[in-house]
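Breakdown of the fold
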Amino acid sequence: MTPSTRPRKDHLDALAVGMLLVCCMFWGFQQVLVKATVAELPPVFQSAVRGVGATLLLWLWCQWRRVRLFDRDGSLWAGLLVGCLFAAEFAFIYTGLQHTTASRLTVFLYTSPFWVAALVPFFIRTERLRAVQWLGMACAFAAVVFALREGFGGGGAKGDWMGLAAGAFWGLTTVAIRAANLTRLAAEKLLFYQLAVSTVVLILLSHWLGEPWGGAWSGFAMGSVVVQTVVGAFASFLAWMWMLGHYPATKISAFVFLTPLFALLFGMLWLGETLTLTLALSLALVAVGIVLVNKR
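What you see is a predicted model; the values in this text were computed from it and never measured.

Focus: the side chain of Q194
Structurally, Q194 is set in helix 8 (residues 187-209). Taking the relative accessible area as the measure of exposure, Q194 reaches 1% and is therefore buried. Looking at Q194, its side chain comes within polar contact range of the main-chain oxygen of L190, at 3.3 Å.

Below is the structure:
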């Protein structure tokens, strides 16, 4: 069955839920891992190195699976746009982690479903949300606003806004993929656009920012980048691209609101980050939002 004819489902089945749980758990852990590594490796450079490795892994995967990456199929310009949006998202994520905790940035990063829910229905009529689902989005939005107020008082506003920007670019990436019908492509080719283009953009951005590229890498820094590359940028993103081609974008995007919970847990256990009452209430509202958005 070709990517353009594969069936799409209108709800999340057990396979999708399981894959999303694993991905969300790792993405929550990854924010903490990046935060711990920023002390040794500059943020945009760290993201660029990860992209180089993941692009190579994906190319090798495609050679093994005989996935054709360079056929002319009318997807070039949309693919380049998606790659640039993807680069902007990770530039804000990695840089933002210098200015706020991993758990806080992850809460703001996962405002991406607002953009998806608001914009995708203009292009895909079948993905319009019902009133109860919009209520779920409103709960999640209120949670973010509530948490954002705390950042101004605690001096973390810059990191919070970077998290919001990253969430917007993630949401716009998903919107662009669905609007241009890039899900007709093989998941590998769709991810290749994002990794290859974003890697070039991030390398140029790191150079423009004057980040140091030399120096000795510790065993921890090397291990961190390997994990970010193999599990984060390659395996989990390939699974995400596959799910975008099989399930409603609005529902899988809302489900990943669970990631901040995992980021908070790992941040507390590893980095000693504090769970404030404001952040706890915000995460509770996010959980309510997930349930409502996914009501059938």
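Some points on the nonpolar core
Counting residues in hydrophobic clusters, the biggest one holds 59 residues, and the most contacted among them are W27 and W240. Secondary-structure elements contributing two or more residues to this core are helix 1 (14-37), helix 2 (43-65), helix 3 (76-96), helix 4 (102-109), helix 7 (157-179), helix 8, helix 9 (219-244) and helix 10 (249-255). In terms of residues, this core owes the most to one element, helix 9, which gives 9 residues. Setting aside anything within four residues of it in sequence, one finds W27 in contact with Y110, W170, S236, F237, W240, V256 and T259. Within the second largest apolar cluster, 6 residues are counted, among which are F114, L129, A140 and V293.

Focus: helix 9
Taking 1.5 Å as the rise per residue, helix 9 with 26 residues should run 38 Å; its terminal C-alpha atoms sit 35 Å apart, in good agreement. F237 marks where helix 9 bends most, by close to 30 degrees.

Looking at empty space enclosed by the protein
Inspection of every chain in the model, using the stated rule, returns 2 cavities of 30 Å³ or more. In this structure, the largest cavity spans a volume of roughly 190 Å³. Taken together, 20 residues line the largest cavity, and the ones lying closest to its centre are F86, E89, F90, W170 and F237. Of all the elements in the fold, those that place two or more residues in the lining of the largest cavity are helix 1, helix 3, helix 7 and helix 9. Per element, the largest residue contribution to the lining of the largest cavity is 5 residues, and it comes from helix 3. Lining the second largest cavity we find S47, R50, G51, F86, F90, L195, S198 and L202. Those elements giving two or more residues to the lining of the second largest cavity turn out to be helix 2, helix 3 and helix 8. Looking at the lining of the second largest cavity residue by residue, the classes come out as 4 nonpolar, 3 polar and 1 charged.

Criteria and cut-off values
- Residues numbered from 1 in each chain as written.
- Predicted model: local features only at pLDDT ≥ 70, side-chain atom pairs only at ≥ 80, totals over all residues.
- Heavy atoms only, no water.
- Helix = DSSP H or I, 4+ residues; strand = E, 2+ residues; numbered from the N terminus.
- Buried < 20%, exposed > 50% of the residue type's maximum accessible area, 1.4 Å probe, protein only.
- Polar contact = N/O pair within 3.5 Å; in protein donor to acceptor, adjacent residues only side chain to side chain.
- Core = buried A, V, L, I, M, F, W, Y, C linked by side-chain atoms within 4.5 Å.
- Contact = heavy atoms within 4.5 Å.
- Expected span 1.5 Å × (residues − 1).
- Bend = angle between axes of the 7 residues up to and from the residue.
- 1 Å grid on protein atoms, 1.4 Å probe; cavity = no way out; pocket = protein on both sides within 12 Å on 5 of 7 lines; lining within 4 Å.
- Points joined across faces, edges and corners; volume = space filled by probe spheres on them.
- Nonpolar A, V, L, I, M, F, W, Y, C, P; charged D, E, K, R; others polar.

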